[in-house]
Amino acid sequence: MTPGHNGKPVTDRIADYIEHRAERFTDRAAATGNAELLARATTLNAVASDIRARLFDD
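Quantities reported herein were computed from a predicted structural model and do not represent experimental measurements.

Criteria and cut-off values
- Residues numbered from 1 in each chain as written.
- Predicted model: local features only at pLDDT ≥ 70, side-chain atom pairs only at ≥ 80, totals over all residues.
- Heavy atoms only, no water.
- Helix = DSSP H or I, 4+ residues; strand = E, 2+ residues; numbered from the N terminus.
- Expected span 1.5 Å × (residues − 1).
- Buried < 20%, exposed > 50% of the residue type's maximum accessible area, 1.4 Å probe, protein only.
- Arc of directions from axis to C-beta.
- Contact = heavy atoms within 4.5 Å.
- Polar contact = N/O pair within 3.5 Å; in protein donor to acceptor, adjacent residues only side chain to side chain.

Here helix H2 (residues 35-52) contains 18 residues, and its C-alpha end-to-end distance of 26 Å stays within 8% of the 26 Å for a straight helix at 1.5 Å per residue. Taken together, the buried positions of H2 are Leu37, Ala41, Ala48 and Ile51. When H2 is viewed along its axis, its buried side chains cluster within an angular range of 85° and face the same direction. Next to the buried residues of H2 lie helix H1 (10-32). Among the residues of H2, the N-terminal cap falls to asparagine 34, whose side-chain oxygen and the backbone nitrogen of glutamate 36 are separated by 2.8 Å. Trailing H2 by a residue or two, arginine 54 shows a phi angle of about 60°, which is positive.

As structure tokens, then:
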């Protein structure tokens, strides 16, 4: 793994970004009651977890 500019591996930086996007969707879903946004947030959290666990093919 190659460290990123902030010392974290690239995969961790990508997972952080995706988790941040999921948090934004979750916050928006809570404010609006939109189930679709909550589903998107759940999917993004699952993707971020897979990336952190390195469950993807190169």
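The terminal C-alpha atoms of H1 lie 33 Å apart, and with 23 residues this matches the ideal 33 Å at 1.5 Å per residue to within 8%. For H1, the complete set of buried residues consists of Thr11, Asp12, Ala15, Ile18, Ala22, Phe25 and Ala29. At its buried positions, H1 is contacted by H2. Positive phi appears at glycine 33, one or two residues downstream of H1, with a value of about 75°.

By themselves, these figures tell us nothing about what the structure is for.
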